[in-house]
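The residues making up each chain are set out below.
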Amino acid sequence: MIREFYDSSEDDEMENQYQIDPECLVLTRPDCDMHNRCCGGKAWCIKDICGIICAVLTWLLILYAEFVVMMVMLLPGVSTYPVYSYINIFIFQSLAFLAFASHLRTMFTDPGAVPKGNATKEMIKQMSFREGQVIFKCTKCCSIKPERAHHCSVCQRCIRKMDHHCPWVNNCVGENNQKYFVLFTFYIAAISIHAVSLAVYQFVTCIRHEWRDCSAYSPPATVVLLLFLIAEALLFAIFTAVMLGTQLHAIWNDETGIEQLKKEQARWVRKSRWKSIQSVFGRFSIFWFSPFTQPSPKAKQESYLYSV
């Protein structure tokens, strides 16, 4: 006999006699599931106003850094210090482009959503469960939950290996987009540190020389722009560096943020540290640092839970 557990919340799992929820009668196929999707189902998109505002704010802050670094610091110095200016323009623009691309990939990539509506009696009968095997079902999205999946109240879906929901990327960080989120935090931290170093150097240069000659803007405007950039860059450098360290620590120990927070006892077989890193980034190569390549395909446990 198969033991069935209902997961009615993220923290509580209680055993009940199985009853079919009317909302679960329509089985959702993975290839026709349009929930949280846009562009004709091609892109994953969470329609959360708070997340959209945070994502747009992130883009605006990157654009502000672009404006100050390029228009106030680097471009005016091209004629005087061409080597210094061109090298830093290349570094800053590369980091900004990779940070923006990583953010978009994190935001519009399905984090590992479990198909809705597959917790029907007919579906359970079709699955080859072992005698006495325990299965967990989410009553909120009417799905059979794979191991290590958690329900997100914002995405309204169960997410495989859900780490957390991040409003700055308007998406959950899960099995399929954790690499892009790690790259996003890495490139934002890098571009922030670079912006701070450029701004400090600009201050020193302006103090040693005439303020009118070191910027295309008036001295008061230049000071305000540089100070706001330094404050923004320091804040994001600290925040993203901490988040990057947290993510790498979780990947290293094969444990998600939710599992660490809830202090869940591992019911899964822990991977070795190297295998855990490979499961997120793929085999070691330069493409680890590219937001345009997906991690190498890996065997997914309990894949029969997602197929119809």
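These numbers come from a predicted model, not from an experiment.

Engineer: What is the right way to read the confidence of the model for the chain from this model?
Structural biologist: Note: predicted coordinates in regions of low pLDDT should not be interpreted at a detailed level. When pLDDT is averaged along the chain, the result is 81, and 78% of the positions lie at 70 or above. Confidence drops under pLDDT 50 across residues 1-6; counting only partners more than four residues distant or on other chains, this segment forms 33 contacts. Throughout residues 8-31 the model reports pLDDT below 50, and contacts reaching past four residues in sequence, or to other chains, amount to 54 contacts.

Engineer: It is not clear to me how empty space enclosed by the protein should be interpreted in this structure. Could you clarify?
Structural biologist: Counted under the stated rule, the structure contains four cavities of 30 Å³ or more. Reported here for the largest cavity is a volume of approximately 150 Å³. Every residue lining the largest cavity is counted, 13 residues in all, and those nearest its centre are Leu 61, Ile 62, Ile 191, Ser 192 and Glu 232. Partitioned by chemical class, the residues of the lining of the largest cavity number ten nonpolar, two polar and one charged. Space inside the second largest cavity adds up to approximately 70 Å³. Lining of the second largest cavity is provided by Arg 148, Lys 161, Asp 163, Gln 178, Ala 250, Ile 251, Asp 254, Glu 255, Thr 256, Ser 276, Ser 279 and Val 280. With three residues, helix H7 (residues 273-281) is the single largest residue contributor to the lining of the second largest cavity. Tallied by class, the residues present in the lining of the second largest cavity amount to three nonpolar, four polar and five charged.

Engineer: Teacher, can you tell me more about H7 here?
Structural biologist: Helical geometry: 3.6 residues make up each α-helical turn, so side chains three or four residues apart lie on a common side. Ser 276, Ile 277, Gln 278, Ser 279, Val 280 and Phe 281 are the residues of H7 that are buried. Here the buried face of H7 lies against helix H4 (178-208) and helix H5 (219-252). Directly after H7, the chain includes Gly 282, whose backbone phi takes a positive value near 85°.

Engineer: In this structure, what is going on with unusual backbone geometry? I would like to understand it.
Structural biologist: Excluding glycine, a negative phi dihedral is what most residues carry, and trans is how most peptide bonds are arranged. Look at Lys 161: it is not a glycine, yet its phi comes out positive at around 50°. Relative to the elements of secondary structure, Lys 161 occurs in the loop between strand S8 (157-159) and strand S9 (164-166). Using a relative accessible area of 17% as the deciding quantity, one classes Lys 161 as buried. Of note, Asn 170 is a non-glycine position whose phi angle comes to about 50°, a positive value. By secondary structure assignment, the location of Asn 170 is in the loop between S9 and strand S10 (171-173).

Engineer: So what exactly am I meant to see when it comes to the nonpolar core here?
Structural biologist: Across soluble globular proteins, you tend to see nonpolar side chains buried next to one another. One finds Val 68, Val 69, Met 73, Phe 181, Ile 188, Leu 226 and Leu 229 to be the most contacted residues of the largest nonpolar core, which totals 38 residues. Going through the elements one at a time, helix H1 (49-74), helix H2 (82-108), H4 and H5 are the ones with two or more residues in this core. When residues in this core are grouped by element, the largest group, eleven residues, is from H4. Residues contacting Leu 226, with those up to four places away along its chain left out, are Val 68, Val 72, Met 73, Ala 199, Gln 202 and Phe 203. Counting residues in hydrophobic clusters, the runner-up holds nine residues, among them Ala 113, Cys 155, Met 162 and Cys 172.

Engineer: Just to check I follow, could you spell out the environment of Ser 143 for this structure?
Structural biologist: With respect to the element layout, Ser 143 can be found in strand S6 (residues 143-145). Look at Ser 143 and you get buried, because its relative accessible area is 0%. Counting along the chain gives 14 residues from Ser 143 to Arg 157, while the straight-line C-alpha distance between them is 8.7 Å.

Engineer: What should I look at first to understand the pattern of salt bridges in this one?
Structural biologist: Oppositely charged side chains can pair when the atoms bearing their charge come close. Applying the stated criterion to the full structure yields four salt bridges. The closest approach of N and O atoms between Asp 110 and Arg 37, which form a salt bridge, is 3.1 Å. Of the two residues, Asp 110 is situated in the loop between H2 and helix H3 (121-126) and Arg 37 in strand S3 (residues 37-38); the sequence distance between them amounts to 73 residues. For Asp 110, a relative accessible area of 19% gives the class buried. Three or more residues joined by partner-sharing salt bridges are found here, namely Arg 148, Asp 254 and Glu 259.

How each quantity is defined
- Residues numbered from 1 in each chain as written.
- Predicted model: local features only at pLDDT ≥ 70, side-chain atom pairs only at ≥ 80, totals over all residues.
- Heavy atoms only, no water.
- pLDDT = per-residue confidence, 0-100.
- Contact = heavy atoms within 4.5 Å.
- 1 Å grid on protein atoms, 1.4 Å probe; cavity = no way out; pocket = protein on both sides within 12 Å on 5 of 7 lines; lining within 4 Å.
- Points joined across faces, edges and corners; volume = space filled by probe spheres on them.
- Nonpolar A, V, L, I, M, F, W, Y, C, P; charged D, E, K, R; others polar.
- Helix = DSSP H or I, 4+ residues; strand = E, 2+ residues; numbered from the N terminus.
- Buried < 20%, exposed > 50% of the residue type's maximum accessible area, 1.4 Å probe, protein only.
- Core = buried A, V, L, I, M, F, W, Y, C linked by side-chain atoms within 4.5 Å.
- Salt bridge = Lys/Arg side-chain N within 4 Å of Asp/Glu carboxyl O.

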